[in-house]
Amino acid sequence: MDVSKTVLKDSKKDERSLAKPTYASHKEMLDAANEIAQILGQDAVTYDAHVLEHHGHSDWSTSNSPGRAVSVVYPRTTDHVSAIARICNARTVPMVPFGAGSSVEGNFSQPYSGICIDFTYMDKVIAFHPDDMDIVVQPGVNWVDLNNQIAHTGLFVPLDPSPTATVGGMVSTNCSGTNAMRYGTMKDWVLNLTVVLPDGRVIKTRRRPRKTSAGYNLTSLFVGAEGTLGIVTEVTLKLAPIPKETSVAVVAFPTIHSAAAAASKLIRSGIQLAALELMDDEQMKLLNTHGSDAVRKRVWDEKPTLFLKFSGTTKDAIKSDVSRVGDIIKPLTDSKFHFAKTKQDELDLWSARKEALFTMVNTRPKGTEIWSTDVAVPISRLAEIIEISKQECGSLGLFASVVGHVGDGNFHVSMMYDPTNPQQKQAVAKCVKNMMTRALEMEGTVSGEHAIGIGKKECLVDELGEETVGLMRQLKASVDPKWVMNPGKVFD
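These notes cover the structure that comes with them. (Residues numbered from 1 in each chain as written. Predicted model: local features only at pLDDT ≥ 70, side-chain atom pairs only at ≥ 80, totals over all residues. Heavy atoms only, no water.)

## As for the overall build of the protein chain
Helix and strand content of the protein chain: 17 helices and 18 strands. A compact globule built from 492 residues should have a C-alpha radius of gyration of about 23 Å, and the protein chain, at 23 Å, falls within 12% of that. With the principal axes as the frame, the protein chain shows a C-alpha extent of 75 × 60 × 55 Å. Put simply, the protein chain has 492 residues, and 53% of those count as buried. A fraction of 72% describes how many contacts in the protein chain between residues 6 or more apart in sequence connect residues 24 or more apart. Carbon and sulfur atoms provide 52% of the accessible area of the protein chain, an area that totals close to 22,000 Å². (Helix = DSSP H or I, 4+ residues; strand = E, 2+ residues; numbered from the N terminus. Rg over C-alpha atoms; globule rule 2.2 N^0.38 Å. Buried < 20%, exposed > 50% of the residue type's maximum accessible area, 1.4 Å probe, protein only. Contact = heavy atoms within 4.5 Å. Areas by Shrake-Rupley, 256 points an atom, 1.4 Å probe, with all protein chains shown as cover.)

## Re the layout of surface pockets
Taken as a whole, the largest pocket holds about 780 Å³ of empty space. Lining the largest pocket are 28 residues, with Phe156, Asn179, Lys309, Glu346 and Leu347 positioned closest to its centre. Among the secondary structure elements, those contributing two or more residues to the lining of the largest pocket are helix 5 (143–150), strand 7 (155–156), strand 12 (245–252), strand 14 (305–312) and helix 12 (343–354). The residue inventory of the lining of the largest pocket, partitioned by class, reads 15 nonpolar, six polar and seven charged. (1 Å grid on protein atoms, 1.4 Å probe; cavity = no way out; pocket = protein on both sides within 12 Å on 5 of 7 lines; lining within 4 Å. Points joined across faces, edges and corners; volume = space filled by probe spheres on them. Nonpolar A, V, L, I, M, F, W, Y, C, P; charged D, E, K, R; others polar.)

## Remarks on helix 10 (residues 281–290)
Turning to helix 10, its buried residues number three or more, namely Asp281, Gln283, Met284, Leu286 and Leu287. Buried residues along helix 10 sit against strand 13 (275–279), strand 14, helix 12, helix 13 (356–363), helix 14 (382–394) and strand 17 (400–405). Among the residues of helix 10, the N-terminal cap falls to aspartate 280, whose side-chain oxygen and the backbone nitrogen of glutamate 282 are separated by 3.2 Å. (Polar contact = N/O pair within 3.5 Å; in protein donor to acceptor, adjacent residues only side chain to side chain.)

## Notes on the sheet that holds strand 1 (residues 45–46)
Ordered by their spatial adjacency, four strands build an open sheet running 1-2-4-3, and the pairing between neighbours is mixed. For this open sheet the edge positions go to strand 1 and strand 3 (95–98), each flanked by a neighbour on one side alone. Of the pairings in the sheet, the one linking strand 3 to strand 4 (residues 115–118) comprises four bridges and is parallel in character. Its bridge partner being in strand 4, phenylalanine 98 is matched across the sheet by aspartate 118. (Pairing = 2+ DSSP bridges.)

## Looking at a nonpolar patch on the surface
On the surface, Tyr216, Leu218, Leu221, Leu471 and Leu475 cluster together to form a nonpolar patch covering roughly 500 Å² of accessible area. Looking at the nonpolar patch, the elements that each hand over two or more residues are helix 8 (218–222) and helix 17 (466–479). Examined against the element boundaries, leucine 471 turns out to sit in helix 17. Given the relative accessible area of 48%, leucine 471 is considered partly exposed. (Patch = residues over 30% accessible without salt bridge, like charges linked within 9 Å, V, L, I, M, F, W, Y side chains within 5 Å. Salt bridge = Lys/Arg side-chain N within 4 Å of Asp/Glu carboxyl O.)

## Thoughts on the sheet that holds strand 9 (residues 202–204)
With antiparallel pairing, five strands are arranged side by side in an open sheet as 5-6-10-8-9. Unpaired on one side and paired on the other, strand 5 (125–129) and strand 9 mark the two borders of the sheet. Averaged over all adjacent pairs, the angle separating strand axes in this sheet is 10 degrees, with direction ignored. Where strand 5 lies against strand 6 (residues 134–137), four bridges are found, and the strand directions are antiparallel. The partner of histidine 129 across the bridge, within strand 6, is aspartate 134. Here helix 4 (residues 78–91) sits on the sheet and contacts strand 8 (190–196), strand 9 and strand 10 (231–238); the angle it forms with strand 8, its principal contact strand, is near 45 degrees. (Axes fitted to C-alpha atoms, helices over the stretch in contact; angles between N-to-C directions.)

## What about empty space enclosed by the protein?
In this structure the tally under the stated criterion is four cavities of 30 Å³ or more. Forming the boundary of the second largest cavity are Thr228, Lys476, Trp483, Asn486, Pro487, Gly488, Lys489, Val490 and Phe491. The residue inventory of the lining of the second largest cavity, partitioned by class, reads four nonpolar, three polar and two charged.

## Details of the packing of helix 9 (residues 256–269) against helix 11 (residues 315–329)
The geometry of helix 9 relative to helix 11 is characterised by a closest axis approach of 10 Å and an angle of 135 degrees between their N-to-C directions. The angle between helix 9 and helix 11 places the two elements in the oblique class. Crossing of helix 9 over helix 11 shows right-handed handedness. Together, Ala262, Lys265, Leu266 and Ser269 of helix 9 and Arg324, Val325, Ile328 and Ile329 of helix 11 make up the contact between the two elements. A breakdown of the residues in the contact of helix 9 with helix 11 according to their chemical character gives five nonpolar, one polar and two charged. (Parallel < 35°, antiparallel > 145°, perpendicular 65-115°, else oblique. Left-handed = near helix turned anticlockwise from the far one by under 90°.)

## Re the pairing of strand 13
In terms of residue burial, strand 13 counts as a mostly covered element, since five of its five residues are buried. What you see with strand 13 is no split at all: Ala275, Glu277 and Met279 on one side and Leu276 and Leu278 on the other are buried throughout. Direction of pairing for strand 13 relative to strand 14: antiparallel, over a ladder of five bridges. The residue bridging glutamate 277 from the neighbouring strand is phenylalanine 307, located in strand 14.

## Describing helix 12
In this model helix 12 runs 16 Å from its N-terminal to its C-terminal C-alpha over twelve residues, within 8% of the 16 Å that 1.5 Å per residue would give. Residues Asp345, Glu346, Asp348, Leu349, Trp350, Ala352 and Arg353 constitute the buried set of helix 12. (Expected span 1.5 Å × (residues − 1).)

## Topic: the pattern of salt bridges
Tallied over the full model, the rule gives 25 salt bridges. Of the charged contacts, one joins lysine 27 and aspartate 31 as a salt bridge, the two residues approaching to 3.1 Å between their closest N and O atoms. Taken together, the residues lysine 27 and aspartate 31, both in helix 2 (residues 26–40) and four residues apart, mark about one turn of the helix. The salt bridge involving lysine 297 is made with aspartate 348; its shortest N-O contact spans 2.9 Å. One end of the pair, lysine 297, is in the loop between helix 10 and strand 14; the other, aspartate 348, is in helix 12, and 51 residues separate them in sequence. Members of the salt-bridge network, linked through shared partners, are Glu105, Asp374 and Lys456.

## Digging into the pairing of strand 17
Among the six residues that make up strand 17, six are buried, leaving the element largely enclosed by the rest of the structure. By the alternation rule, side chains of strand 17 split into Ala400, Val402 and Gly404 and Ser401, Val403 and His405, which are all buried. What sits between the antiparallel neighbours strand 17 and strand 18 (residues 410–417) is a turn of four residues, in which glycine 409 has the positive phi angle 75 degrees.

## Quick look at the packing of helix 9 against helix 14
Their axes nearest at 8 Å, the elements helix 9 and helix 14 cross at an angle of 160 degrees. Classified by the angle their axes make, helix 9 and helix 14 are roughly antiparallel. In the crossing of helix 9 with helix 14, the sense of the turn from one axis to the other is right-handed. Residues Ile256, His257, Ala260, Ala261 and Ser264 of helix 9 form the contact with helix 14, whose own contacting residues are Leu382, Ala383, Ile386, Glu387 and Lys390. For the contact of helix 9 with helix 14, a count of residues per class yields six nonpolar, two polar and two charged.

## Overview of the nonpolar core
The biggest cluster of nonpolar side chains holds 78 residues, and the ones touching the most others in it are Ile36, Met95, Ile115, Leu306, Leu308, Ile386 and Phe411. Formed by 31 residues, the second largest nonpolar core is a distinct cluster that contains Val157, Trp189, Val190 and Leu237. (Core = buried A, V, L, I, M, F, W, Y, C linked by side-chain atoms within 4.5 Å.)

Below, the structure is given as structure tokens:
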């Protein structure tokens, strides 16, 4: 056997699979949608222009593309998704999964048109094993609804992303949220996945025990892959015990640096906080003027503020933690330490943090867009990068705000600008690029929890290098040689 000829042949095959893909025409895409309708039923496929626009554009994000899908399809089972994949793959039609539409990096945009797959009706709990502390769900299940449904068992899914998020999107972006400091990110809570591959084959990544060392870790390969390798149709999630006691505290600081410095001290103190969040002065002003009725029960200090969530087995344990936190932050602020005295007080205090993005979106001036993005850095560099980023954003003369899951070194910057003003758009883009570069110089990442989408593809190469991204492309090409699975995301 001539090994050199075999290697050359394989090399040419790789080059062909990594060449720029050619997709079906508009008419061919419509033909695929019609074929899907014959299998799923006419009511499972829509061509309505308003529905297509809703599924192709996000007010949450600047990372949108002009293209729109030719139709939106609504599967109800894994078999339905498998049929959709077989039809689209045979006709080279892009497939774009859609969960709640709350992602911010253009993760569900449709730069090559195609067919959008909405999992609204795949919202069932398939199996619940409370004694094993796990649950099997379809991707359209909303995590808040799920936790409400199983709360009586004393168990919950401990992630805390946007309250609109569904499990499929949470898996695809490896989301986290305010509880990541204590509980980690989505990858830490996924036991196994059922995945439909681009050609319609169905695989299960592993079985249900808490640990395994059998074969490749395919579960982690699909978590965070943004639907570019396959479509997740079932998820087995680990569950955690609901904490017996919880509480919330809020404290303001004179500067963003002192707030971030206090966060770093708390992280290194060993106190087991459930969450540690930062909101800057601009966010606190928004709470006073545009917050919900519950939030506006109090007048907030319009200063950089830390929101702390405590959890434990007893009230005395929480009181002890609160006392220790007070001692640690006392040298950094003269502001009063507000501690929730009742459960309603606890909900109202934490609502202020959870409403941040919704308040910004709902109050932005007409004609403006929000550029919202995130980075994460090692804890020791957190105060420095937040202070520099805040100063640079604030110097633009536009609304700019910093919100952070500072408990795990992750923070977000949001800026409002006029998209028809080239100078404003360029200035905001430069500010975001500088923040990404700064995070990488500090050995951080360009995406703490939003994934890459279409918005951060260049930054991914900056972070990982061409060789690493090249390996990702080869993995993509081997699984999806026609590049029909959510194309244009993560890398080109």
